[in-house]
Amino acid sequence: MDLLKRAFGLLWMLLAFVALIAVVLMAQAEISRKPTTDVWIQWGVFVGICIPIAIALFIFGLFALKGEYDRLPTRSSDR
Amino acid sequence: MENATAQAPKGIRQVIWASSLGTLIEWYDFYIFGSLATVIATQFFPKTNPTAALLSVLATFAAGFIVRPFGALVFGHIGDLVGRKYTFLLTLVIMGGSTFCIGLVPSYERIGFAAPIIVLVLRLLQGLALGGEYGGAATYVAEHAPPDRRGFYTSWIQTTATLGLFVSLGVILITRHALDSDEATSIAKFNDWGWRIPFLLSIVLVGVSVYIRLKMNESPLFAKLKSDGKTSTNPLKESFVRKGNLKMVLLALFGATMGQGVVWYTGQFYAQSFLENTCKLDFDQSRTILIWAILFATPFFVVFGAWSDRVGRKWIMMAGMVLAVCTYRPLFGQMVALSDASRARTDQVVAHSESTVINSVEKQTTTVDTAIYWKLVGIVFILILYVTMVYGPIAAFLVELFPTKIRYTSMSLPYHIGNGVFGGLTPFIATLLTTVYHNDLLVGLWYPIAIAGVCVVIGTLYISNRMNTNIAD
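For clarity, every value in this text was computed on a predicted model and none was experimentally measured.

1. Some remarks on the layout of surface pockets
Regions of empty space are outlined by a rolling probe, equal in size to a water molecule, passed over the atoms. In this structure, the second largest pocket spans a volume of roughly 700 Å³. Lining the second largest pocket are 27 residues, with Ala19 and Val23 of chain A together with Phe422, Tyr447 and Ile451 of chain B positioned closest to its centre. Counting only elements with at least two residues in the lining of the second largest pocket, the list comes to helix H1 (2–33) and helix H2 (37–65) of chain A together with helix H12 (243–278), helix H19 (407–423), helix H20 (426–436) and helix H21 (446–462) of chain B. Residues of the lining of the second largest pocket, tallied by class, amount to 27 nonpolar, no polar and no charged.

Shown next, in the form of structure tokens:
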């Protein structure tokens, strides 16, 4: 099970990259289709919030890959 | 120390009542703005003026996606430093005050650009307050509850978001039809000035809730921590910089709240907009269907919350997400089929009456007969049942994941990113997919299906079903 958890870590890291690229490409396509200010703002907000979430998913994958989730903490002193 | 949390039944009932009422009012306040967005747009954000329209876009996107998680950070931080009671009292006052003030703002026609700017600021304050409320209320109740009934007691807090939607829809529908004996005149009056009533009503509700909350004591766990001088000096740093806790925050987000957020939004908001825009049901029917479904499904928040005390939180939440992933397309497909069948029958009747044909062309909406109406209520009930499965146990799950001294901060951010960002994106991504793939009416569902699917895999692999009964550390 621990091996599976670690292996999936790579998938989450990859998914973070793919999701971010997909959102940026989508934003690019939508803005060039209708280059008005409100579309810029809308997609600016989407990309702006997706960047930290993608980074967070990447870190999650990295933690999983390193085995940080093999055993979860049960008390504060374990953290 | 854990014994300090075990309250007498009367005491815990007061805690639940005070916390739930305030949280329900906060959700009510947040939803009436969304539910009345079209009316508000005509009053404050006229499309003929590009700057006003721009402010409208900001009000829509910034409140949910940026300010709400920011509110979770700000108030979570305050809640872990100062205490739960005063922090979620503050969020209630900010939310209620903002909502009341929106009801007082003169229209764009009267004061020009000041109107949309004031409304934008008030809407952002609403988003900020909402970000701080839930974590406080859930933490406050959980820290009073006995360990073996934590899921049951916190599930009352979980009912508030859905009941807030229920109350907002009810108040809007009643106000819309009560302003004049003639229906058309009543709706015209509502669109002109009556929309302010649901906003103004908020101050009464908030006043009552603040009064009740003022009489409550601080959470016993936090009070003990504070008297021992063991509170965190920097909850933000401890929550999101320290690796041991950050990994739990990430697990909460990607293994639970992300999927819960999309299931929540799809079961309620997307279902209602789907009935109105794709199935072309009229305004009242699409809303009353949701109201009935909410009414029947809401008790299940408590059922699943209580059940999670016996079997663990994880598998109930995962089961709700799996069911959503597997059945969304057939269920929404059934909604389309039922409304199409109804429309086909109506068209046959219409063919015999020229005047009705004109009427139906003008309105572009349909009303379904009683049998189909209740079938649609049944389908939306199932969708909300999934919501109760994923949402009922989640407060207890999040509370048990983090230590007392940083609990408010640590659980608020993943909750509001999961709900505000992943959930809030549901209508936009769904609409976007529909504009690209015109032929598939159900294409918008791939977004919640994909997010919930990934969440199920992460949750199943990494989350433990073991309940942490000791949350006093």
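The discussion continues.
2. Let's talk about the interface of chain B and chain A
With 34 residues of chain B in contact, the opposing surface of chain A contributes 33 residues. Buried area between chain B and chain A, summed over both chains or domains, comes out near 3100 Å², and the portion from carbon and sulfur atoms is 78%. Contact with chain A buries surface across chain B, with Lys247, Leu461 and Tyr462 of chain B losing the most and accounting together for 23% of the total. Where chain B meets chain A, there are two salt bridges. Our count for the chain B to chain A interface comes out at five residue pairs in polar contact (both at pLDDT 80 or more). For the side of chain B that touches chain A, the elements supplying multiple residues, two or more each, are helix H3 (50–81), H12, H19, H20 and H21 of chain B. A breakdown of the residues in the side of chain B that touches chain A according to their chemical character gives 25 nonpolar, five polar and four charged.

3. Structural notes on the state of the cysteines
Taken as a whole and judged by the stated rule, the model has zero disulfides over all chains. Here Cys50 of chain A is not disulfide-linked; the sulfur of Cys455 of chain B is the nearest cysteine sulfur, at 16 Å. Summary of cysteine pairing: Cys455 of chain B is not part of a disulfide, and the nearest cysteine sulfur, belonging to Cys326 of chain B, is at 14 Å.

Scoring rules and cut-offs
- Residues numbered from 1 in each chain as written.
- Chains lettered and ligands numbered in written order.
- Predicted model: local features only at pLDDT ≥ 70, side-chain atom pairs only at ≥ 80, totals over all residues.
- Heavy atoms only, no water.
- 1 Å grid on protein atoms, 1.4 Å probe; cavity = no way out; pocket = protein on both sides within 12 Å on 5 of 7 lines; lining within 4 Å.
- Points joined across faces, edges and corners; volume = space filled by probe spheres on them.
- Helix = DSSP H or I, 4+ residues; strand = E, 2+ residues; numbered from the N terminus.
- Nonpolar A, V, L, I, M, F, W, Y, C, P; charged D, E, K, R; others polar.
- Contact = heavy atoms within 4.5 Å.
- Buried area = accessible area lost by both parts, 1.4 Å probe.
- Salt bridge = Lys/Arg side-chain N within 4 Å of Asp/Glu carboxyl O.
- Polar contact = N/O pair within 3.5 Å; in protein donor to acceptor, adjacent residues only side chain to side chain.
- Disulfide = S-S within 2.5 Å.

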